[in-house]
Amino acid sequence: QVQLVESGGGLVQPGGSLSLSCTASGNIFSLTSMGWYRQAPGKGPELVASITREGRTIYGASVKGRFTISKDTAKNTVYLQGINLKPEDAAVYYCYLDACLVDYTSCPTTWGQGTQVTVSS
């Protein structure tokens, strides 16, 4: 079983910066990708950013150029840095992990518990 522990988030002023981290613990056989989704009240989930084992990144259109995703493979940790935050960035941010556990027969997506980001002055 794999668990994801997120940290960071909280209250950010408009124009401020964001720093989130997510660490996976447990038996990971083969990691495919990690990343972040977010969901604001009344809206559906939105991809923020993802990064593959090889380091390829994908960003949601609304954060491209403002957010940066990175990883520390040795620590099974993914980081999300954001600048110039806007009120519309406020949401619950969820970390996810796509990985095969134990062997290639079990490759679920694991989700973190979510961390609230509020953008307000």
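Just so it is clear, the model here is predicted, and its values are computed rather than measured.

Caption draft 1: Looking closely at the sheet that holds strand S1 (residues 2-8). With antiparallel pairing, the 4 strands of this open sheet are ordered in space as S1-S3-S8-S7. Taken across any chain shown, the strands that pair with only one partner, and hence form the sheet edges, are S1 and strand S7 (67-72). Averaged over all adjacent pairs, the angle separating strand axes in this sheet is 15 degrees, with direction ignored.

Caption draft 2: View of the pairing of strand S8 (residues 77-82). Sheet topology places strand S3 (residues 18-26) next to S8; 6 bridges connect them, and they run antiparallel. For Leu20, the partnering residue across the bridge sits in S8 and is Leu80. Taking the residues between adjacent antiparallel strands as the criterion, S7 and S8 are bridged by 4 residues, where Asn76 takes a positive phi near 50 degrees.

Caption draft 3: Local environment of the state of the cysteines. Under the criterion given, the structure shown has 2 disulfides. Covalent S-S linkage joins Cys22 and Cys95, the inter-sulfur distance amounting to 2.0 Å. Looking along the S-S bond of the Cys22-Cys95 disulfide, the torsion reads about -85 degrees, which is the left-handed sense. You can see Cys22 sitting in strand S3 and its partner Cys95 sitting in strand S9 (residues 91-100), a full 73 residues away along the chain.

Caption draft 4: Structural detail: the packing of aromatic side chains. For the coordinates displayed, the defined rule picks out 4 aromatic pairs. Relative to Trp111, the ring of Tyr37 lies with its centre 5.6 Å away and its plane at 65 degrees, an arrangement referred to as edge-to-face. Taken together, the positions of Tyr37 in strand S4 (residues 30-39) and Trp111 in strand S10 (residues 109-111) put the pair 74 residues apart, joining distant regions of the chain. With a centroid separation of 5.6 Å and an interplanar angle of 45 degrees, the aromatic rings of Tyr96 and Trp111 are classed as tilted. Of the two residues, Tyr96 sits in strand S9 while Trp111 sits in strand S10, which places them 15 residues apart along the sequence. Tyr96 gets classed as buried once you look at its relative accessible area, which sits at 7%. Its relative accessible area of 45% is what places Trp111 among the partly exposed residues.

Cut-offs used in this document
- Residues numbered from 1 in each chain as written.
- Predicted model: local features only at pLDDT ≥ 70, side-chain atom pairs only at ≥ 80, totals over all residues.
- Heavy atoms only, no water.
- Pairing = 2+ DSSP bridges.
- Helix = DSSP H or I, 4+ residues; strand = E, 2+ residues; numbered from the N terminus.
- Axes fitted to C-alpha atoms, helices over the stretch in contact; angles between N-to-C directions.
- Disulfide = S-S within 2.5 Å.
- Phe/Tyr/Trp six-rings, centres within 6.5 Å; stacked < 30°, edge-to-face > 60°.
- Buried < 20%, exposed > 50% of the residue type's maximum accessible area, 1.4 Å probe, protein only.

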